[in-house]
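Descriptive structure summary
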Amino acid sequence: MPGSTRFAAAAHIMSLLARHRDGPQTSEALAKSLGTNPAVVRRLLGVLAKSGLTQSDLGKGGGARLAKGPKKITLADIYRAVEAPGLFPLPRAAPDPACPVGCNITPALTAVGDAAEAAFLASLEGVTLKQFVKEIAAGVAAAKSAA
């Protein structure tokens, strides 16, 4: 079962906004880079704006921009803005409480998932958007020099 791609798309959008700080970026331009529909980008921009990461200017010449500098935004900020808590979903149906596994599986999975998510978020917390954009640029430079 495929997982959510919201974080990857949001990181892409935020990286583009960080690289193009000279002016707002339209949802159409961002969508072209992502290879998706502008409506998808607008939905993500709305969520990112609610989290205080982006701002949008309406009207002619408008578009999205970062709400604060890329040094002040971490990948964890982006992840928290667009993804629901929990790295993996728990079963929707309640397990059999009489089963020795069923009565304890949910708390055990929750503990493991919470620990994994804390480690994952700690890793993302250590990477600023500015650092991430530099890594992207280094990859572009390496690809050009190899060609």
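Preceding this paragraph is the structure being described.
Below or above, wherever it landed, is the structure these notes cover.

**What about the overall build of the protein?**
From N to C terminus, the protein includes 6 helices and 2 strands. Mapped from its N terminus to its C terminus, the protein presents α and β elements in the order α-α-α-β-β-α-α-α. By the compact-globule yardstick of 15 Å for 147 residues, the protein is too spread out, its C-alpha radius of gyration being 19 Å. Dimensions of the protein, computed from C-alpha atoms along their principal axes, come out at roughly 65 × 40 × 30 Å. Expressed as a percentage of contacts within the protein between residues at least 6 apart in sequence, the contacts between residues at least 24 apart total 66%. Entry remark: accessible area of the protein is about 9,200 Å², with carbon and sulfur atoms responsible for 61%. The positive charge centre, built from 17 side chains, and the negative charge centre, built from 10, are 10 Å apart in the protein.

**Focus on the side chain of Glu117**
Here Glu117 is to be found in helix α5 (residues 102–125). Here Glu117 occupies a buried position and makes no salt bridge, while the nearest side chain of opposite charge, Arg80, is found at 7.4 Å. A distance of 2.9 Å separates a polar atom in the side chain of Glu117 from the backbone nitrogen of Gly86. The residues touching Glu117, leaving out its near neighbours within four places in the chain, are Tyr79, Pro85, Gly86 and Leu87.

**Let's talk about the side chain of Ser27**
Along the polypeptide, Ser27 turns up in helix α2 (residues 27–34). Here Arg42 takes part through its side chain, which lies 2.8 Å from a polar atom of the side chain of Ser27. The contacts of Ser27, once residues within four sequence positions are left out, are Pro38, Val41 and Arg42.

**A word on a nonpolar patch on the surface**
On the surface, Leu87, Phe88, Leu90 and Val112 cluster together to form a nonpolar patch covering roughly 320 Å² of accessible area. Relative to the helices and strands, Phe88 is located in the loop between α4 (75–82) and α5. On the basis of relative accessibility, which here comes to 34%, the residue Phe88 falls in the partly exposed class.

**Side note on the packing of aromatic side chains**
Applying the stated criterion to the full structure yields 2 aromatic pairs. A centroid spacing of 5.4 Å and a plane angle of 75° characterise the contact between Phe7 and Tyr79, whose relative ring orientation is edge-to-face. Of this pair, Phe7 sits in helix α1 (residues 6–19) while Tyr79 is found in helix α4, placing the two residues 72 residues apart along the sequence. An angle of 80° between the planes, with centres 5.0 Å apart, marks the rings of Tyr79 and Phe120 as edge-to-face. Of this pair, Tyr79 sits in helix α4 while Phe120 sits in helix α5; the two residues are 41 residues apart in sequence, bridging distant segments of the chain. We classify Phe120 as partly exposed; its relative accessible area is 30%.

Rules and cut-offs
Residues numbered from 1 in each chain as written. Predicted model: local features only at pLDDT ≥ 70, side-chain atom pairs only at ≥ 80, totals over all residues. Heavy atoms only, no water. Helix = DSSP H or I, 4+ residues; strand = E, 2+ residues; numbered from the N terminus. Rg over C-alpha atoms; globule rule 2.2 N^0.38 Å. Contact = heavy atoms within 4.5 Å. Areas by Shrake-Rupley, 256 points an atom, 1.4 Å probe, with all protein chains shown as cover. Lys, Arg positive; Asp, Glu negative; His and termini not counted. Charge placed at Lys NZ, Arg CZ, Asp CG, Glu CD. Buried < 20%, exposed > 50% of the residue type's maximum accessible area, 1.4 Å probe, protein only. Salt bridge = Lys/Arg side-chain N within 4 Å of Asp/Glu carboxyl O. Polar contact = N/O pair within 3.5 Å; in protein donor to acceptor, adjacent residues only side chain to side chain. Patch = residues over 30% accessible without salt bridge, like charges linked within 9 Å, V, L, I, M, F, W, Y side chains within 5 Å. Phe/Tyr/Trp six-rings, centres within 6.5 Å; stacked < 30°, edge-to-face > 60°.

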